[in-house]
Amino acid sequence: MKIVDATTVVTSPGRNFVTLKLTTDDGVTGLGDATLNGRELAVAGYLTEHVAPLLTGLDPHRIEDTWQYLYRGAYWRRGPVTMAAVAAVDVALWDIKAKAAGLPLYQLLGGASRERVRTYGHADGRDLPELLDSVRARLAEGYSAVRIQSGIPGLKAVYGVHGTDATGASVPHQRARPLVEDWDTDAYLRHTPAVFEAVRAEFGPELPLLHDAHHRLSPIQAARLAKDLEPYRPFWLEDCTPAENQEALRLVRRHSTTPLAVGEVFNTVYDYQTLITEQLIDYVRSAVTHFGGLTPLRKLVDLAAPYQIRSAFHGPEDISPVGMAAAIHLDLAVHNFGIQEYAGHTPLTEAVFRHAYTFTDGHLHPGEAPGLGVELDEELAAAHPYAPAYLPVNRLRDGSVHDW
Ligand code: KDG
Ligand code: MG
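Residues numbered from 1 in each chain as written. Chains lettered and ligands numbered in written order. Predicted model: local features only at pLDDT ≥ 70, side-chain atom pairs only at ≥ 80, totals over all residues. Heavy atoms only, no water.

Caption draft 1: Focus on the site of ligand 1. As a structural note, the neighbourhood of ligand 1 is formed by 14 residues, with Asn37, His214, Glu264, Asp318 and Glu341 the closest of them. Glu341 is positioned with one of its side-chain polar atoms (N or O) 2.5 Å from an oxygen atom of ligand 1. Compared with its free state, where it exposes 330 Å², ligand 1 has 92% of that area covered by protein. The residue inventory of the shell around ligand 1, partitioned by class, reads three nonpolar, four polar and seven charged. (Near = heavy atom within 4 Å. Polar contact = N/O pair within 3.5 Å; in protein donor to acceptor, adjacent residues only side chain to side chain. Areas by Shrake-Rupley, 256 points an atom, 1.4 Å probe, with all protein chains shown as cover. Nonpolar A, V, L, I, M, F, W, Y, C, P; charged D, E, K, R; others polar.)

Listed below in structure tokens is the structure:
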């Protein structure tokens, strides 16, 4: 078997997605997600100009060797653009291997370790009543765990949530320049325990509540928040400090037993080395799409297992259904699975990417179709071309840029 074609498809059914499609000489196709929110064309160019020409003629069954060839062979390694491109190739090769075997991909990863994959959904509100309504809506959809993010009195944007402008009004994802949002860490630290208190008062002690601090805190601020949230028993506090400094979490750990989740912007095992070996975190958050694919993410989860650290793969709207499917197959297979983030996609996105995975009672299942179980409707994809889109940027009250 040989790869005869490698095509990159950029489509925007409401938001941009980058997909690699590999075709073999016997007509088997494989898909991989290469979407990097706000930097989509950089990955598409990396794939089209530098990777696709190397793939034709290769044996698609040699997944590990192809991964090493693209990672080590480039000399310039790591980074989100490179690793999203490598991920797309890796996942497309796993898709081909599983289709050739006539098996759903999870069977090649060791088979099912569980019957279904538990998820958490997103509840957001500009104020507490809106947030409580949003939690009710997620519960009505079947979710049994919810991430809660709330607007902060005195600040206009609901932080860390795409799609509101400085007046709090809804805006389309696509925009030619980043929105500028406002931020005040002290106001956030004062308000967030009250958010947990209100949600606990309304929904009781059992509902797992998650919260994302989106890299906005210093180590001592993060330690304060982790400690203040302890009485409300959060399922986790996510990305409490900027990701670059792994040692920062030692300080947070010293002060609190709130579980910590980290890693959606990480792209290699080296980003996690200190965090895992010193047991500074409880969940690894990387996405297949941004971590170089299933091959390295499986190795990461295996490294985490003896430290009792669990998986919790990134699953916002900007991971395409191809990337989601890859995560769900791995979720079903690995023993130290924790939880899967699942924001879902719009009906138009689901029409472009028809998938075999299902969402029922707050749980996902990858389905039994051979391979990943995702088909790309290329005609519909072509009818929705790329449109520039950026994540927002954040500025403090004095006008200086802060982490978003
Ligand atoms: O592209 C950035 C988003 O994926 C990110 O803001 C979502 O933090 C996020 C999460 O936990 O889903
Ligand atoms: Mg996050």
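Still more to cover.
Caption draft 2: Spatial organisation of the coordination of the magnesium ion (ligand 2). Coordination of the magnesium ion (ligand 2) by the protein is provided by Asp212 (OD), Glu238 (OE) and Glu264 (OE), with metal-donor distances spanning 2.0 to 2.2 Å. Spacing between the donor residues of the magnesium ion (ligand 2) along their common chain follows D-x25-E-x25-E. Here Asp212 is found in strand β7 (residues 209-212), whereas its partner Glu238 is found in strand β8 (residues 236-238), with 26 residues between them in sequence. Both residues of the pair, Asp212 and Glu238, belong to the buried class. (Donors = N, O, S within 2.8 Å, 3.2 Å for Na, K, Ca; no water. Helix = DSSP H or I, 4+ residues; strand = E, 2+ residues; numbered from the N terminus. Buried < 20%, exposed > 50% of the residue type's maximum accessible area, 1.4 Å probe, protein only.)

Caption draft 3: Structural view of empty space enclosed by the protein. In the structure shown here, the tally under the stated rule is two cavities of 30 Å³ or more. Its volume calculated, the largest cavity comes out at about 80 Å³. In this structure, the largest cavity is lined by His215, Asp239, Cys240, Thr241, Pro242, Ala243, Asn245, Gln246, Leu249, Val262, Phe266 and Leu275. Of the residues assigned to the lining of the largest cavity, the class counts are seven nonpolar, four polar and one charged. (1 Å grid on protein atoms, 1.4 Å probe; cavity = no way out; pocket = protein on both sides within 12 Å on 5 of 7 lines; lining within 4 Å. Points joined across faces, edges and corners; volume = space filled by probe spheres on them.)

Caption draft 4: Local environment of helix α2 (residues 63-71). The set of residues buried in α2 consists of Ile63, Thr66, Trp67, Leu70 and Tyr71. Buried residues along α2 cover an arc of 125 degrees about the axis, so they all sit on one side. (Arc of directions from axis to C-beta.)

Caption draft 5: Quick peek at the packing of helix α1 (residues 40-55) against helix α3 (residues 80-101). Close contact between α1 and α3 brings their axes to 9 Å; oriented N to C, the two are set at 50 degrees. By the angle between their directions, the pair α1 and α3 is classed as oblique. Here the hand of the crossing between α1 and α3 comes out right-handed. In this structure, α1 uses Ala42, Val43, Tyr46, Leu47, Val51 and Leu55 to contact α3, whose residues at the interface are Val81, Thr82, Ala84, Ala85, Ala88 and Val89. Considered class by class, the residues forming the contact of α1 with α3 number eleven nonpolar, one polar and no charged. (Axes fitted to C-alpha atoms, helices over the stretch in contact; angles between N-to-C directions. Parallel < 35°, antiparallel > 145°, perpendicular 65-115°, else oblique. Left-handed = near helix turned anticlockwise from the far one by under 90°. Contact = heavy atoms within 4.5 Å.)

Caption draft 6: The arrangement of unusual backbone geometry in detail. The phi dihedral of Tyr75 falls on the positive side, at around 70 degrees, and the residue is not glycine. Mapped onto the secondary structure, Tyr75 falls in the loop between α2 and α3. Owing to a relative accessible area of 61%, Tyr75 belongs among the exposed residues under this scheme. Residue Gln279 is not a glycine yet carries a positive backbone phi of 55 degrees. If you trace the backbone, Gln279 turns up in the loop between α9 (273-277) and β10 (283-284). Its relative accessible area of 42% is what places Gln279 among the partly exposed residues.

Caption draft 7: Here's a closer look at the packing of α2 against helix α10 (residues 294-304). Their axes nearest at 10 Å, the elements α2 and α10 cross at an angle of 95 degrees. When the axes of α2 and α10 are compared, the pair comes out roughly perpendicular. Residues Ile63, Glu64, Trp67 and Gln68 of α2 pack against Thr295, Pro296 and Lys299 of α10. Residues of the contact of α2 with α10, tallied by class, amount to three nonpolar, two polar and two charged.

Caption draft 8: Main features of the layout of surface pockets. Of the pockets and cavities examined, the second largest pocket occupies roughly 220 Å³. What lines the second largest pocket is a set of 14 residues, among which Trp67, Tyr71, Val269, Tyr270 and Pro296 lie closest to the centre. For the lining of the second largest pocket, the elements supplying multiple residues, two or more each, are α2 and α10. Here the residues of the lining of the second largest pocket sort into eight nonpolar, three polar and three charged. Both domains that meet at the lining of the second largest pocket, namely domain 1 (3-103) and domain 2 (108-370), each give it at least three residues. (Domains from an automatic or database assignment.)

Caption draft 9: Region of interest: the packing of aromatic side chains. Inspection of the entire model under this criterion finds 13 aromatic pairs. Considering the side-chain rings of Trp67 and Tyr71, the 4.7 Å spacing of their centres and the 20 degrees angle between planes classify their relative orientation as stacked. Of the two residues, Trp67 and Tyr71 both sit in helix α2, four residues apart, roughly one turn of that helix. Exposure remark for Tyr71: the relative accessible area of 5% places this residue in the buried category. When the centroid spacing of 4.9 Å and the interplanar angle of 80 degrees are considered together, the rings of Tyr75 and Trp76 count as edge-to-face. For Trp76, a relative accessible area of 66% corresponds to the exposed category. An aromatic cluster is present here, built from Tyr120, Phe235, Trp236 and Tyr283 joined pairwise through their rings. Over the aromatic face of Trp183 sits the side chain of Arg216, whose NZ or CZ is 4.5 Å from the ring centroid. (Phe/Tyr/Trp six-rings, centres within 6.5 Å; stacked < 30°, edge-to-face > 60°. Lys NZ or Arg CZ within 6 Å of the ring centre and 35° of its normal.)

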